[in-house]
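Spelled out from the first residue to the last, the chains are:
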Number of protein chains: 2
Amino acid sequence: MTTDTAGPVRAAGPPGSGDGQEAAEILAAARTYVDPELRGAVDSLPRSLRRVARYHFGWEHADGTPAEGNAGKAIRPALVLAAVRALGGDPAGAVRAAAAVELTHNFTLLHDDVMDRDTTRRHRPTAWTVFGDADAILVGDALQALAQRLLAEDPHPGAPAAAARLARCVVELCAGQHADCAMERRGPDEVTLAECLATAEAKTGALLGCACALGALYAGAGPEVVDALDGFGREAGLAFQLIDDVIGIWGDPGHTGKPAGADLVARKKSLPVVAALASGTPAAVELAGLYSGPLGESGDELERAARAVERAGGRDWATVHAADRMSRAIGQLARAVPDPEAAGGLLALAEFVTRRTQ
Amino acid sequence: MTTDTAGPVRAAGPPGSGDGQEAAEILAAARTYVDPELRGAVDSLPRSLRRVARYHFGWEHADGTPAEGNAGKAIRPALVLAAVRALGGDPAGAVRAAAAVELTHNFTLLHDDVMDRDTTRRHRPTAWTVFGDADAILVGDALQALAQRLLAEDPHPGAPAAAARLARCVVELCAGQHADCAMERRGPDEVTLAECLATAEAKTGALLGCACALGALYAGAGPEVVDALDGFGREAGLAFQLIDDVIGIWGDPGHTGKPAGADLVARKKSLPVVAALASGTPAAVELAGLYSGPLGESGDELERAARAVERAGGRDWATVHAADRMSRAIGQLARAVPDPEAAGGLLALAEFVTRRTQ
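Quantities reported herein were computed from a predicted structural model and do not represent experimental measurements.

Counting secondary structure elements, chain A contains 15 helices and two strands. Taken over the C-alpha trace, chain A has a radius of gyration of 20 Å; the compact-globule value for 358 residues is 21 Å, and the two agree within 12%. Dimensions along the principal axes, computed over C-alpha positions, put chain A at roughly 60 × 50 × 30 Å. A separation threshold of at least 6 residues defines the contact pool for chain A, and within that pool the share at least 24 residues apart is 71%.

As structure tokens, then:
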């Protein structure tokens, strides 16, 4: 195990160590490393756009005064850097790629919030609620352009392939968001579990996979390793989504995420709900009935809906399926990085996002 | 004068020949050349996004049946190819760059229409009116990604610099649209002519300049020539905008554009209007009064407003200023391409878009 703590991504402990502290340190190190690149890119924007971007990243309040940044965990940049390191590359050379992935992620958040009319992001009002739809759309557009500019200007030999891969990933993210919007407009019984999984893969898995793949490209890996690391990120992303959906119904044991029942109040067609509705059980019929009208935020209906999902097998299915995805992720990781010690950082991050460790 | 009519961009006649037929032929040739690349890129999109994109480009009706394409004049791809040819490069090698510029242009059209709530584009309902805001935003995002993908996958040595330049241009386009939206929210007397010109340069000049600059990069030109061609496109773009604004008030002599008075009905703060309002004349006071409330689509008020702009000097200013911009454009062109014969194609296109020839 390396003791190089000065680098952006410390090698983690042995695989499966479940040491959440390890992941937290990797994430903190990645943030420290990528933050200047990210801020530099955002600060290169014209003033009118920069203001909205700096608000979105949590670096400024709406009035332009400095804020204690809460720009998110930076899991995607950490995956880029951890993938480079896992394959023996130099993470210092991949900082622009890591920033490009984070800019891309934030461009999609800005646009998704407009489309979904979501009013809260990272415990603050979303950009469109503060600055209007046009500003949120334009700053999202500009962040996508910044991401591509960073890669186009990067002399690293991995940069052109990374730029192409990131652009293809954006198309997949758009298709995923499109499918998600379309599902929300349909009745709960008109959505299949396969569709729901495909949407989660495109919306969430694709960019986590792309982050890992970009790290592999920057480490000079061949196509098979790049694809295996993409698969690792995708499968871990799906495991994350499944567990996030469980938390959206039954709450987060660590109380770090959404309150229990949040997804039920919004009548979200989340994975456990769709699995439950597809179960053909009496509980599925009860759930469909409850989902046909608004559910009160407190009280019996919410409780009944959560119990119905559970009785219909939605919770167990999601938990088992998440474990299955995680084991597939580990399989892909082993294919790309056979040395468990080298793979430790990526594994720690995957375990962290799937809340097997906190 | 070359007789190579098989190439994508024919060399045009001597500069200032005013032969609009020449430009029309260059445009038609560019469309023929770029269309397969453009359709290939759009058809690579997932089905859900492809449908909206094909509608936007005029290749399909809203129900998915094929339509006679009216994807616009393709002036920007023609500028890319004409710039390559003017500098002795091979236009055949720059088709992806030309398609990337056209994809970028169309991404901004899709998003601008959402923000401006414009309901008509190229004589058809805009994409957001047919498919909703979310689809128009997502397909715009995907077209931006496609543009960057084409450049990232292009092995041409000019591609990385072109990708970086195009990304920087997108940021400028976003800033221009932001300024335009902000101006629309302000009172007519709160907008300065300098702001109005800066906005037109960012919204319209930047991408025309970028198209020419990309052509220069693909011809292997040095930074000075690239910048001079960028300047040529920018200045021609401003000349175009000034003349387009004159047409928006007094109509198009060729009846090919908007009806007379269209910009007045919308109370647009177009360049002749802002110049008139800033003139300090009694006609400016009259115009400000008329612009303070809605103007009827037919009748006296519209007529009076047009006359007030004219009496306040707005029409003359715009016409003279357009000629000035055009002569600056020609100066930049001469700097980049001293041989008038080689520069002929670019000049013919600039004269075409500024309606000095039709």
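Take the interface of chain B and chain A next. Many authors give the size of an interface as the accessible area that is lost as the parts come together. Taken together, the 33 residues of chain B in the interface contact 33 residues of chain A. Elements with a contribution of two residues or more to the side of chain B that touches chain A: helix H2 (47-56), helix H4 (95-116), helix H6 (133-152) and helix H7 (159-185) of chain B. At 13 residues, H7(B) tops the list of elements feeding residues into the side of chain B that touches chain A. Partitioned by chemical class, the residues of the side of chain B that touches chain A number 22 nonpolar, six polar and five charged.

The next point concerns H4(B). Across its 22 residues, H4(B) extends 31 Å between first and last C-alpha, which sits within 8% of the 32 Å expected from 1.5 Å per residue. For H4(B), the tally of buried residues reaches 21 of 22 residues, placing the bulk of the element in the interior.

Bringing the relation of the copies chain B and chain A into the picture now. Rotating chain B by 180° and moving it 0.0 Å along the rotation axis overlays it on chain A with an RMSD of 0.0 Å. The transformation just described matches what one would write down for a two-fold rotation axis. Interface overlap between copies is the fraction of interface residues in one copy that are interface residues in the other; for chain B against chain A it reaches 100%, indicating a shared surface.

Residues separated by three or four positions in an α-helix point in the same direction, a consequence of the helix having 3.6 residues per turn. Residue and element names in this part refer to chain B. Residues Ala283, Ala284, Leu287, Leu290 and Tyr291 constitute the buried set of helix H12 (residues 282-291). Along H12, the residues classed as buried sweep out an arc of 120° about the axis, all on the same side. Seen from the open side of H12, the exposed residues pointing more than 90 degrees away from its buried face are Pro282 and Gly289. Elements that come into contact with the buried residues of H12 comprise helix H11 (271-277) and helix H13 (300-311).

Residue and element names in this part refer to chain B. With respect to the helices and strands, the residue alanine 213 is situated in helix H8 (residues 193-218). Once the C-alpha coordinates of alanine 213 and phenylalanine 232 are considered, the two residues, 19 residues apart in sequence, prove to be 9.2 Å apart. Residues within four places of alanine 213 in sequence aside, it is in contact with Arg165, Val226, Leu229 and Asp230.

Take unusual backbone geometry next. Glycine aside, a negative phi is what most residues show, and trans is what most peptide bonds show. All names here are of chain A. Even without glycine at this site, alanine 74 takes up a positive phi of about 65°. With respect to the element layout, alanine 74 can be found in the loop between helix H2 (47-56) and helix H3 (75-86). Its 25 C-beta neighbours within 10 Å are what place alanine 74 among the buried residues. Unusually for a residue other than glycine, histidine 123 sits at a positive phi of about 65°. Of note, histidine 123 is situated in the loop between strand E1 (120-121) and strand E2 (124-125). Classification of histidine 123 as exposed rests on a count of 7 C-beta atoms within 10 Å.

All names here are of chain A. The geometry of helix H4 (residues 95-116) relative to helix H6 (residues 133-152) is characterised by a closest axis approach of 8 Å and an angle of 160° between their N-to-C directions. What the angle tells us is that H4 and H6 run roughly antiparallel. In this structure, H4 crosses over H6, and the sense of that crossing is left-handed. Taking contact as the criterion, the partners of Arg96, Ala97, Ala99, Ala100, Leu103, Thr104, Asn106, Phe107, Leu110, His111, Asp113 and Val114 in H4 are, on H6, Asp133, Ala136, Ile137, Val139, Gly140, Leu143, Gln144, Leu146, Ala147, Leu150 and Leu151. Across the contact of H4 with H6, the residue classes break down as 15 nonpolar, five polar and three charged.

Thresholds, definitions, all that
Residues numbered from 1 in each chain as written. Chains lettered and ligands numbered in written order. Predicted model: local features only at pLDDT ≥ 70, side-chain atom pairs only at ≥ 80, totals over all residues. Helix = DSSP H or I, 4+ residues; strand = E, 2+ residues; numbered from the N terminus. Rg over C-alpha atoms; globule rule 2.2 N^0.38 Å. Contact = placed C-beta atoms within 7 Å. Nonpolar A, V, L, I, M, F, W, Y, C, P; charged D, E, K, R; others polar. Expected span 1.5 Å × (residues − 1). Buried ≥ 20, exposed ≤ 12 C-beta atoms within 10 Å, placed from the backbone. Least-squares fit on C-alpha atoms with pLDDT ≥ 70 in both. Arc of directions from axis to C-beta. Axes fitted to C-alpha atoms, helices over the stretch in contact; angles between N-to-C directions. Parallel < 35°, antiparallel > 145°, perpendicular 65-115°, else oblique. Left-handed = near helix turned anticlockwise from the far one by under 90°.

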